[in-house]
Amino acid sequence: MSTGLDTRPSATTYDVEKLIGMAWRGQIRVPHFQRDFRWGREDVIRLFDSIVKGYPVGSLLLWIRPASKQALTLGALRIEAPRLDQSLWVVDGQQRITSLANALHEDGARDPRFALSYDLRNERFVPRPSAEDPHVIPLPTLFDLRRVLRWFTVYPEVPADLQDLAFNLTAILRQYPMPAYQVEQENAEVLRDIFDRMNNYGKRLSKAEIFSALFAGEESKQDKTLTIDVIAAHIDEQFNFGRIDSDTVLRMILARRGPNPEREIRTEFDDENRREVVEFPGEDRDTAFQAGEEALGRAISFLQNDAGVPHFSLLAYRYLLIVLTRVFGHFPNPDPANRRLLRRWYWRAALLGPEIFKGSSTGARRALCAKIQPDDLTGSVQNLLNALDRPVPRLPELRRFRTNEAATKIALCSWWALEPRDPTTGEPSERARLAECLTDRPTAADAVRYVVPNRLVPEKHRLWAANRVLLPFMEQEAGKTVGAVLADPPLTMDENTWLRGLDSHLITPEMVTLLRDGHVVTFLQLRQERLLSNLEGFLQRMCEWGFENTPPLDELLLEDLPGDEQALSDEESHAAG
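All of these numbers come straight from a predicted model, not from anything done at the bench.

Draft legend 1. Spotlight on the overall build of the protein. Broken down by element type, the protein carries 22 helices and 12 strands. Here the protein holds 577 residues, and 51% of them are scored as buried. Carbon and sulfur atoms make up 48% of the accessible area of the protein, which amounts to about 27900 Å² in all.

Quick look at the structure:
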């Protein structure tokens, strides 16, 4: 049991300028038992908004202790940190310090969560625009008075009152006081106890955070150690699949290593005391994380390239990715026939949902992961398909378009398969642009636009899919709706390009005429019919209802081989006689 602190904490205050300078120089470190960075872009924006409004943002708890020389990672920053006799280790405040250090440094813009600017005209923090705007100043510029002066030298057209606002914001950001408690303590267990108490009273840690703290690895190797958060970042960077939540990543790691992803985690790497099946005996934590990331990558590649699911926000249910990670963890390179059957399985499972497994995702994860048997790919795929032996379900409902619901995610995948084009350029969709649009977003809402402003649509039709298009990349002119762009293409666009663009959104020239003439309801009715027809065809191709779930041909031949050998032997005997 902990005996408590050797000395009482000392109270102090750091202004943001000093605190962030220390972070950039490697004088601030994050203990390995800390939870991973989990804030999104909106959290970072709220932090800066609170600072400029003078709101309190909470105190820091810093642990004073030596630190070795190391190349450390802080958010998107890579810092060559020196050896120090005294450094500050963050026990509480990691999310705030990491956000400040990254958003105020030019290198932080590599991560969209930290690529922020301040819009002087609207007086708010916004994601950094793709093209430079004199009135929208990047935070690293706003934080540096000399850079602000140079900015207005380049853009003297910015009004004097907005320039004064920028100078005032610079002073506020640099001088904002951050209260901190500092603790000098040799025993790391005391700091763990403090961390546990601060994060468990009134707010429980997630399963992934508990797992990360239990199996954090050695402090000296943290810059080279995979964590759940690092795996999520790697996957997002490599596949443009979006940021997978920590608990889902954890369950993928667990599912690869055993048939029950809901098992007790405290004995995960203790083969003698683990009650569950041990499929990778002797495997240590680092090996499990590396193999889990590789299996997850293969599962995502399958979803994107075989199943037509481009992004995490379009995944019908998260548990399906967990099951696929187990499949690809045991069978890295399924043959084409089994890959096709796996695609069939994914889409059938997406349509049926977890209701067939006692109505819960937990039950579905357990039941389906248990169907996957190591060393038997064909048997595992057949087991998965047999678990879905149900009548053909109804088509997803297109009269209720909600991007957080499975039915809408399925519909969006059917739209993505059409390679939707930007009506202003005729360019087809790109996965990278979709991912950029959906940075830090739990659903695909930001990639979906109304054709006609919803206020002009009768209430009974407002939730219809027919008034939506998947356009993650369109640079929309101010005051111009998608419907107006569709009805009035750019003068430089030839007719064939325009028609291809319309068709990629399942809109015909006749529907465009209806839009021009203000016949909104008729437009919606006709397009709704076409969306339903497309969805039906897409799901028929993916689910292959009515097809036999025939195993690969070589599996059938192997099963028939003993009989064939006997028949050949009889023929040889007959010939010899």
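The structure having been displayed, the exposition proceeds.
Draft legend 2. Fine view of the layout of surface pockets. By volume, the second largest pocket is sized at about 970 Å³. Around the second largest pocket, the lining is made up of 22 residues, and of these Pro127, Arg128, Pro129, Ser130 and Glu436 lie nearest the centre. Where the lining of the second largest pocket is concerned, the elements lending two or more residues are strand S8 (124-127) and helix H17 (431-437).

Draft legend 3. View of the side chain of Ser380. Take Ser380: it is sitting in helix H15 (residues 377-386). Those residues in contact with Ser380, other than ones at most four positions away along the chain, are Phe331, Lys371, Ile372 and Gln373.

Draft legend 4. Seen up close, the nonpolar core. Grouped together as the largest cluster of nonpolar side chains are 106 residues, with contacts concentrated most on Ile244, Leu321, Trp345, Tyr346 and Trp347. When neighbours within four sequence positions are excluded, Trp345 is seen to be in contact with Leu320, Val323, Leu324, Leu368, Leu384, Leu385 and Leu388. Core analysis: the next-biggest nonpolar cluster, separate from the first, contains 53 residues, Ile64, Phe143, Leu162 and Tyr176 among them.

Draft legend 5. Expanded view of the pattern of salt bridges. Across all of its chains, the model carries 32 salt bridges by this definition. Here Asp306 and Arg339 are joined by a salt bridge, their closest N and O atoms 2.9 Å apart. Residue Asp306 is located in helix H11 (residues 285-307), and its partner Arg339 is located in helix H13 (residues 336-352); the two are separated by 33 residues in the primary sequence. Between Glu544 and Arg343 there is a salt bridge, and its shortest N-O distance comes to 3.8 Å. Highlighted residues: Glu544 in the loop between helix H21 (520-543) and helix H22 (553-576) and Arg343 in helix H13, separated in sequence by 201 residues. Here Glu544 falls in the buried class, since its relative accessible area comes to 4%. Connected via shared salt-bridge partners are Arg256, Arg257, Arg263, Glu268, Arg274 and Glu283.

Draft legend 6. Layout of the packing of helix H12 (residues 318-330) against helix H14 (residues 361-369). Interaxial distance between H12 and H14 falls to 9 Å at its minimum, and their mutual angle equals 20°. Judged by the angle between their axes, H12 and H14 are roughly parallel. Handedness of the crossing formed by H12 with H14: right-handed. Between H12 and H14, the contacting residues are Tyr319, Ile322, Val323 and Arg326 on the first element and Ser361, Ala364, Arg365, Leu368 and Cys369 on the second.

Draft legend 7. Layout of the confidence of the model for the protein. Residue-level pLDDT values for the protein average 87, and 87% of them are 70 or greater. Confidence drops under pLDDT 50 across residues 558-577; counting only partners more than four residues distant or on other chains, this segment forms 0 contacts.

Draft legend 8. Structural view of the sheet that holds strand S9 (residues 136-138). Spatial ordering of the open sheet is given by S8-S7-S9, a layout of 3 strands whose pairing is antiparallel. Edge positions in the sheet fall to S8 and S9, since each of these pairs with one other strand and no more. Here the strands of the sheet are splayed against their neighbours by 35° on average, with no regard to which way each runs. Pairing analysis gives 4 bridges linking strand S7 (residues 116-119) to S8, with the strands arranged antiparallel. Its bridge partner being in S8, Asp119 is matched across the sheet by Arg124.

Draft legend 9. The packing of helix H1 (residues 16-24) against helix H3 (residues 94-103), seen in detail. Remark: H1 packs on H3, axes separated minimally by 10 Å, with the N-to-C direction vectors making an angle of 85°. One finds that H1 runs roughly perpendicular with respect to H3. Of the residues in H3, those touching H1 at Val16, Leu19, Ile20, Ala23 and Trp24 are Ile97, Leu100 and Ala101.

Draft legend 10. Inspection of the sheet that holds strand S3 (residues 60-67) at higher detail. Pairing within the open sheet is mixed, and its 5 strands lie in the order S1-S10-S3-S6-S2. What marks the edges here is a single partner per strand, and that holds for strand S1 (10-15) and strand S2 (28-29). Bridge count between S3 and strand S10 (residues 177-184): 5 bridges; the pairing is parallel. When the bridges of S10 are listed, Leu62 appears paired with Gln182. Its contacts with the sheet place H3 against S2, S3, strand S6 (84-92) and S10, and it is angled at close to 115° to S6.

Draft legend 11. Highlighting empty space enclosed by the protein. A complete count under the given rule lists 2 cavities of 30 Å³ or more for this structure. Its boundaries defined by the atoms lining it, the largest cavity holds a volume of some 50 Å³. Around the largest cavity, the lining residues are Trp415, Leu418, Pro420, Val469, Leu470, Ser504, His505, Leu506, Arg527 and Leu531. Each residue belonging to the lining of the largest cavity can be placed in one class, and the counts come to 7 nonpolar, 2 polar and 1 charged. The residue inventory of the lining of the second largest cavity, partitioned by class, reads 5 nonpolar, 3 polar and 1 charged.

Draft legend 12. Quick look at H14. When H14 is considered as a whole, its buried residues turn out to be Ala364, Arg365, Leu368 and Cys369. Each buried residue of H14 lies within a common arc of 110° when the element is viewed along its axis, so the set occupies one face.

Draft legend 13. Representation of the packing of aromatic side chains within the structure. Overall, the coordinates contain 14 aromatic pairs when judged by the stated rule. When the ring of Trp151 is compared with that of Tyr155, the centres are 5.1 Å apart and the planes differ by 55°; the resulting orientation is tilted. Using a relative accessible area of 15% as the deciding quantity, one classes Tyr155 as buried. Ring-pair connections join several aromatic residues into one group, and the members of that group are Phe48, Tyr118 and Phe125. Taking NZ or CZ as reference, Arg65 lies 4.8 Å from the ring centre of Trp89, over its face. The ring of Phe280 has Arg256 lying over it, and the distance from NZ or CZ to the ring centre is 4.0 Å.

Rules used in this analysis
Residues numbered from 1 in each chain as written. Predicted model: local features only at pLDDT ≥ 70, side-chain atom pairs only at ≥ 80, totals over all residues. Heavy atoms only, no water. Helix = DSSP H or I, 4+ residues; strand = E, 2+ residues; numbered from the N terminus. Buried < 20%, exposed > 50% of the residue type's maximum accessible area, 1.4 Å probe, protein only. Areas by Shrake-Rupley, 256 points an atom, 1.4 Å probe, with all protein chains shown as cover. 1 Å grid on protein atoms, 1.4 Å probe; cavity = no way out; pocket = protein on both sides within 12 Å on 5 of 7 lines; lining within 4 Å. Points joined across faces, edges and corners; volume = space filled by probe spheres on them. Contact = heavy atoms within 4.5 Å. Core = buried A, V, L, I, M, F, W, Y, C linked by side-chain atoms within 4.5 Å. Salt bridge = Lys/Arg side-chain N within 4 Å of Asp/Glu carboxyl O. Axes fitted to C-alpha atoms, helices over the stretch in contact; angles between N-to-C directions. Parallel < 35°, antiparallel > 145°, perpendicular 65-115°, else oblique. Left-handed = near helix turned anticlockwise from the far one by under 90°. pLDDT = per-residue confidence, 0-100. Pairing = 2+ DSSP bridges. Nonpolar A, V, L, I, M, F, W, Y, C, P; charged D, E, K, R; others polar. Arc of directions from axis to C-beta. Phe/Tyr/Trp six-rings, centres within 6.5 Å; stacked < 30°, edge-to-face > 60°. Lys NZ or Arg CZ within 6 Å of the ring centre and 35° of its normal.

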